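Each chain, written out:
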Amino acid sequence: MPPVLVPLPSYPNLTDAERIARAEAFRDAIRSRRTVRDFAPAPVPMAAVRAAIESAGSAPSGANRQPWHFVVVTDAQTKRAIREAAEEEERAFYAGRAPKEWLEALEPLGTDWRKPFLETAPVLIVVFQELWGRVPSGGRVKNYYVTESVGIATGLLLAGLHHAGFATLTHTPSPMSFLRDILKRPPNEKAAMIVVVGRAALDARVPAIAKKPLDAIASFI
Ligand code: IYR
């Protein structure tokens, strides 16, 4: 099918000084995001969650297949089921399924098998990758760069939630196939991660870890 082309909606016409200021302001805002593990139970307005998911859904994706699905969980019973299943896997992980090297790498984060935030945080957004899609006639279509596309979308989701003032945590129970079962998702979907959303507890603590400076993460040729 030949492409249908439309004019590019105009980008703002800014001066270089304005562009620099905006890039720096965004950097400062997004840099203040920390992975939070201590949540307050205060609810999150669903309109904010919906808008953040729409931000995520604006991500570029392989062949524009948009191979993602976001399940928003606020129901206490479902959160408990997710916590119980995740903790069962995590117990085995921390008790020896993970190689020693991996557990040592996690030591500075102070994580363990306990995942109370899966119940205390008001919202869990479970991010699914759509491994293949369906055409209206029912046949399968291949998706492309699914991991990359879902990774970009999840990054935008985190940015949108952070911008709205919410604390977030990317949690990756391993393995996480239980999420498809609990949330009754179809076989073409595979859970990628849980984004835990809420407000940080007043006494929340985070590990004293730093991000690499620019010269360690970028080269300019
Ligand atoms: N899924 C485990 C372990 C874990 C793994 C990595 I890599 C982390 O950056 C953090 C934790 C857990 O959630 O505890």
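Residues numbered from 1 in each chain as written. Predicted model: local features only at pLDDT ≥ 70, side-chain atom pairs only at ≥ 80, totals over all residues. Heavy atoms only, no water.

S.K.: Any details on a nonpolar patch on the surface? Residues and values, ideally.
M.R.: Side chains of Leu214, Ile217 and Phe220 sit close together on the surface and give an oily, nonpolar patch of about 390 Å² of accessible area. Tracing the backbone shows phenylalanine 220 in the segment after helix 8 (214-217). Under the relative-accessibility criterion, phenylalanine 220 is labelled exposed at 71%. (Patch = residues over 30% accessible without salt bridge, like charges linked within 9 Å, V, L, I, M, F, W, Y side chains within 5 Å. Areas by Shrake-Rupley, 256 points an atom, 1.4 Å probe, with all protein chains shown as cover. Salt bridge = Lys/Arg side-chain N within 4 Å of Asp/Glu carboxyl O. Helix = DSSP H or I, 4+ residues; strand = E, 2+ residues; numbered from the N terminus. Buried < 20%, exposed > 50% of the residue type's maximum accessible area, 1.4 Å probe, protein only.)

S.K.: Which residues make up helix 2 (residues 46-56), and what values go with them?
M.R.: The complete set of buried residues in helix 2 reads Val49, Ala52, Ile53 and Ala56. Down the axis of helix 2, the buried side of the element spans an arc of 100°, and every buried residue falls inside it. For helix 2, the exposed residues lying more than 90 degrees away from the buried face are Ala47, Arg50 and Glu54. (Arc of directions from axis to C-beta.)

S.K.: Can you break down unusual backbone geometry residue by residue, with the values?
M.R.: Omega for the bond connecting serine 174 with proline 175 falls within 30 degrees of zero, at -5°, which places this linkage in the cis form. For glutamine 66, which is not glycine, the phi torsion reads 50° and is therefore positive.

S.K.: Outline the pattern of salt bridges, supporting the account with residue identities and numerical values.
M.R.: In total, this model carries 8 salt bridges according to the counting rule given. Linking aspartate 112 and arginine 114 is a salt bridge whose minimum nitrogen-to-oxygen distance equals 2.8 Å. Residue classification places aspartate 112 among the partly exposed positions, given a relative accessible area of 25%. Its relative accessible area of 47% is what places arginine 114 among the partly exposed residues. Each member of the salt-bridge network shares a partner with another, and the members are Arg80, Arg83, Glu87 and Glu119.

S.K.: Now, about the pairing of strand 6 (residues 167-171): what can you tell me, with residues and values included?
M.R.: Extensive coverage of strand 6 is indicated by the burial of 4 of its 5 residues. Sheet topology note: the strand 6/strand 7 (residues 189-200) ladder contains 5 bridges and is antiparallel. The partner of alanine 167 across the bridge, within strand 7, is glycine 198. (Pairing = 2+ DSSP bridges.)

S.K.: Got a sec to walk through the environment of alanine 192? Specific residues and values, please.
M.R.: Inspection of the secondary structure puts alanine 192 in strand 7. Under the relative-accessibility criterion, alanine 192 is labelled buried at 18%.

S.K.: Please give an account of the packing of aromatic side chains that cites residues and values.
M.R.: Scanning the entire structure with this criterion turns up 2 aromatic pairs. Centroid distance phenylalanine 93 to tyrosine 94: 5.1 Å. Interplanar angle 75°. Geometry classified as edge-to-face. Both rings, one in phenylalanine 93 and one in tryptophan 102, keep their centres 4.8 Å apart while their planes meet at 90°; by these two values the pair is edge-to-face. Phenylalanine 93 gets classed as buried once you look at its relative accessible area, which sits at 6%. Assessed through its relative accessible area of 43%, tryptophan 102 is described here as partly exposed. A cation sits over an aromatic face here: arginine 91 above tryptophan 113, 3.8 Å from the ring centre. Here arginine 140 stacks its cationic end above the ring of tryptophan 132, 3.9 Å away from the centre of that ring. (Phe/Tyr/Trp six-rings, centres within 6.5 Å; stacked < 30°, edge-to-face > 60°. Lys NZ or Arg CZ within 6 Å of the ring centre and 35° of its normal.)

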